[in-house]
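# Geometric and topological summary
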Amino acid sequence: MAKKSFVGEIIRGIIKDNPVFVLVLGLCPVLAVSTSFANALGMALAFTFVMLGSNIFVSLLRKQIPPGVRIPIFILIICTFVTMVDMILEAFLPPMYEALGIFVPLIVVNCIVIGRAEAYANRNPVLPSIADGIGISIGFAVALMLIGSIREILGTGGLKLVMLWSEAGKLGFYPLSSIPGFSFVPEVISFPIEPAIVMVTPPGAFLTIAALMLLFKIMSDRKRMKQLKKEGYEI
Amino acid sequence: MIETPGLMPTEDLFPIFVNAMFTKNFLLIMFLGLCSYVGLTTNSETSKGMSMAVTFVMTMSAILTWPIYHYLLSPASIIGKDLTFLRTICFILIIASFVQLVEFIIRRFSPPLYKSLGIYLPLIATNCAVLGVVLMNIQEGFTYGASIIYAFAAGLGYSWVMLATAAVREKLIMRGVDLFSGFIGAFFAATMVALIVVSYFSVVKL
């Protein structure tokens, strides 16, 4: 097998194999927790932890896992990490634990994690698997936060920027402006639009993802047309 | 001291039923089980098969997981230790093995039903709606009876949305609107059905 570069694998996970817009996997958490930027960030962090853990362990154990029972074993590995992240969130970030609700335990049945374990980590050494895990997680996070910000801006007319930060020994999501060095950032970036409440309700989530996918499809179609024209086809 | 909820339902069952079926619909409002939703609603026959299988597995998993949680894992159980952190792993194992068992039984006793459901049965084990419903049962602290009613109503809610969307998409595909055969069309159809549910229940208060 040709040697793949670590950075190349990460970029492939973000763009060419974007889990939400290209592979269309694991949509449930994307739509459910993307009501705001803060929730999207929390979910993305929890997902990254599980994705990396599962990819590393599946790849380490890939020679020991018998092919016949690999799926149950993957689920057990993933479940271990999900239980860990569930307990960590409950202990250190109770507000985020409340906001994400049952979607943290439901990472177990998220098709992306099982899909990457099956399609990638089970066939590749540890280092590329880590790169794949990072890339897919960033791709997932980008999609989640993009949808979250769009829904928050259109639904409330403003965007609250938050960051995971520890203040006075208490870990939590604080406004970006309260973190030292970022005081120039406004607490809420407001936009001069009439808020449409439908965007923060469930139909808004479906509409946002449909519109974004349509946009990506139009863009990739244009690119292909250009390439075909370059090769001398009449369109 | 945490007490084990009783076996017979003490809750008002009608709101639970309507909540699970409409106002907190699993597909449209809680976004659970969307993979099968966008993948299978291009055809009303397959969505009918999937809906039946999911409703059945949901109800049976609720019947199986409630006693295991409350009599083995909960701190108020006969073991007397707090094993609730094991709930996710226990539930997923129960659901997966139960789906496997159902597959064997249907294949042995009803080959025609197996043929129509066959390929969807293994998919149900990783359907988040099934795991979602058993986790919700525990989170809401339902009694045994109410948890079974809730799971069955959630299954019915899943079914009617599957069939409604399949009807919209199938008709549009037949008329030659190709957009609706892909994921994008599935989400536009979902937007329409979700808008109907949300706006109806924001006017008609329960």
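The rules behind each value
Numbers given to residues run from 1 along each chain, matching the order in which its sequence is written. Ligands are numbered from 1 and chains lettered from A, in the order in which they are written. Local features are withheld for residues below a pLDDT of 70 in this predicted model, meaning they are given only at 70 or higher, and side-chain atom pairs are given and counted only at 80 or more; totals for whole chains, interfaces and linings count all residues. Strands here mean DSSP runs of E at least two residues long; helices mean DSSP runs of H or I at least four residues long; both are numbered from the N terminus. All radius of gyration figures rest on C-alpha atoms, and the globule criterion is 2.2 Å times the number of residues raised to 0.38. The burial criterion counts other C-beta atoms lying within 10 Å of a residue's C-beta, which is placed from the backbone; the residue is buried at 20 or more, exposed at 12 or fewer, and partly exposed between these limits. What counts as a contact is two residues whose backbone-derived C-beta atoms lie within 7 Å of each other. Note on method: axes are straight lines fitted to C-alpha atoms, helices fitted across the in-contact stretch only, with angles between N-to-C directions ranging 0 to 180 degrees. For this classification, under 35 degrees means roughly parallel, over 145 means roughly antiparallel, 65 to 115 means roughly perpendicular, and everything else is oblique. Here a crossing is taken to be left-handed if its near helix is turned anticlockwise relative to the far helix by less than a right angle, and right-handed if that turn runs clockwise. All residues other than Ala, Val, Leu, Ile, Met, Phe, Trp, Tyr, Cys, Pro, Asp, Glu, Lys and Arg, Gly among them, are scored as polar; the first ten of these are nonpolar and the last four charged. Note on terminology: a nonpolar core is a set of buried residues of type Ala, Val, Leu, Ile, Met, Phe, Trp, Tyr or Cys, with members joined through C-beta atoms within 7 Å. How far a helix is expected to stretch is found by multiplying one less than its residue total by 1.5 Å. Every residue gets a pLDDT, meaning the predictor's confidence in that residue, from 0 to 100.

### Focus on the overall build of chain B
- In terms of helices and strands, chain B carries nine helices and zero strands.
- Its helices and strands taken in sequence order, chain B reads α-α-α-α-α-α-α-α-α from the N to the C terminus.
- Relative to the globule expectation of 17 Å for 206 residues, the C-alpha radius of gyration of chain B, 18 Å, shows essentially globular dimensions.
- Across its three principal directions, the C-alpha atoms of chain B cover 60 × 50 × 25 Å.
- Counting all 206 residues of chain B, 45% fall into the buried class.
- Summarising the internal contacts of chain B: among those between residues at least 6 apart in sequence, 77% fall at separations of at least 24.

### Re the overall build of chain A
- A count of helices and strands for chain A gives eight helices and four strands.
- Scanning chain A from its N terminus toward the C terminus, one meets helices and strands in the order α-α-α-α-α-α-α-β-β-β-β-α.
- Principal axes of the C-alpha set define a box for chain A whose edges measure 60 × 55 × 35 Å.
- Burial analysis of chain A (235 residues in total) assigns 40% to the buried set.
- Partitioning the contacts of chain A with sequence separation of at least 6, the portion at a separation of at least 24 is 77%.

### Description of the packing of helix α4 (residues 70-92) of chain A against helix α4 (residues 87-109) of chain B
- Running from amino to carboxyl end, α4 of chain A crosses α4 of chain B at an angle of 155°, the nearest separation of the two axes being 9 Å. Comparing their axes, α4 of chain B and α4 of chain A come out roughly antiparallel. Relative to α4 of chain B, the crossing made by α4 of chain A is right-handed. For the pair α4 of chain A and α4 of chain B, contact is made by P72, I75, C79, V82 and T83 of chain A and by T88, I89, I92 and A96 of chain B, respectively.
- Residues of the contact of α4 of chain A with α4 of chain B, tallied by class, amount to seven nonpolar, two polar and no charged.

### Examining the interface of chain B and chain A
- Taken together, the contacts link 28 residues of chain B with 28 residues of chain A.
- Mapped by element, the contributors of at least two residues to the side of chain B that touches chain A are α2 (34-40), α4, α7 (128-140) and α9 (183-203) of chain B.
- In terms of residue count, α9 of chain B provides more of the side of chain B that touches chain A than any other element does, nine residues in total.
- Split into classes, the residues belonging to the side of chain B that touches chain A amount to 23 nonpolar, five polar and no charged.

### Some details on unusual backbone geometry
Residue and element names in this part refer to chain B.
- Its identity as a non-glycine residue notwithstanding, F31 has a phi of 55°, on the positive side.
- As for its placement among the helices and strands, F31 is situated in the loop between α1 (13-23) and α2.
- The buried category is assigned to F31, around which 27 C-beta atoms lie within 10 Å.

### Here's the deal with the environment of F17 of chain B
All names here are of chain B.
- With respect to the secondary-structure elements, F17 resides in helix α1.
- On the neighbour-count criterion, F17 (18 C-beta atoms within 10 Å) is partly exposed.
- Measuring from C-alpha to C-alpha, the distance between F17 and G49 comes to 22 Å, with 32 residues separating the pair along the chain.

### A look at the nonpolar core
- Ranked by internal contacts, the top residues of the largest apolar core, which has 122 residues, are V50, I78 and V108 of chain A together with L131 of chain B.
- Sequence-distant contacts of V108 of chain A, that is, excluding residues within four places in its chain, are made with I75, I78, C79 and V82 of chain A together with T88, I92 and L131 of chain B.

### What to know about helix α8 (residues 144-174) of chain B
- With 31 residues, α8 of chain B extends 45 Å from end C-alpha to end C-alpha; this agrees with the ideal 45 Å at 1.5 Å per step.
- Of the residues one or two after α8 of chain B, G176 of chain B is the one with positive phi, at around 90°.

### Thoughts on the environment of P180 of chain A
Residue and element names in this part refer to chain A.
- Considering the arrangement of structural elements, one finds P180 in the loop between β3 (170-175) and β4 (188-190).
- Residue classification places P180 among the exposed residues on the basis of 7 C-beta atoms within 10 Å.
- In sequence terms P180 and V109 are 71 residues apart; their C-alpha atoms lie 39 Å from each other.

### Digging into the confidence of the model for chain B
Residues and elements named next belong to chain B.
- When pLDDT is averaged along chain B, the result is 86, and 96% of the positions lie at 70 or above.
- For chain B, helix α5 (residues 111-117) is the element with the lowest average pLDDT, namely 76, and α8 is the one with the highest, namely 92.
- In the predicted complex, the global pTM is 0.86; the interface-specific ipTM is 0.84.

### A word on the confidence of the model for chain A
- Of all residues in chain A, 96% have pLDDT values of 70 or greater, and the mean over the chain is 85.
- Here strand β2 (residues 162-167) of chain A stands out as the element of chain A with the lowest mean pLDDT, 71, in contrast to helix α3 (residues 37-60) of chain A, whose mean of 91 is the highest.

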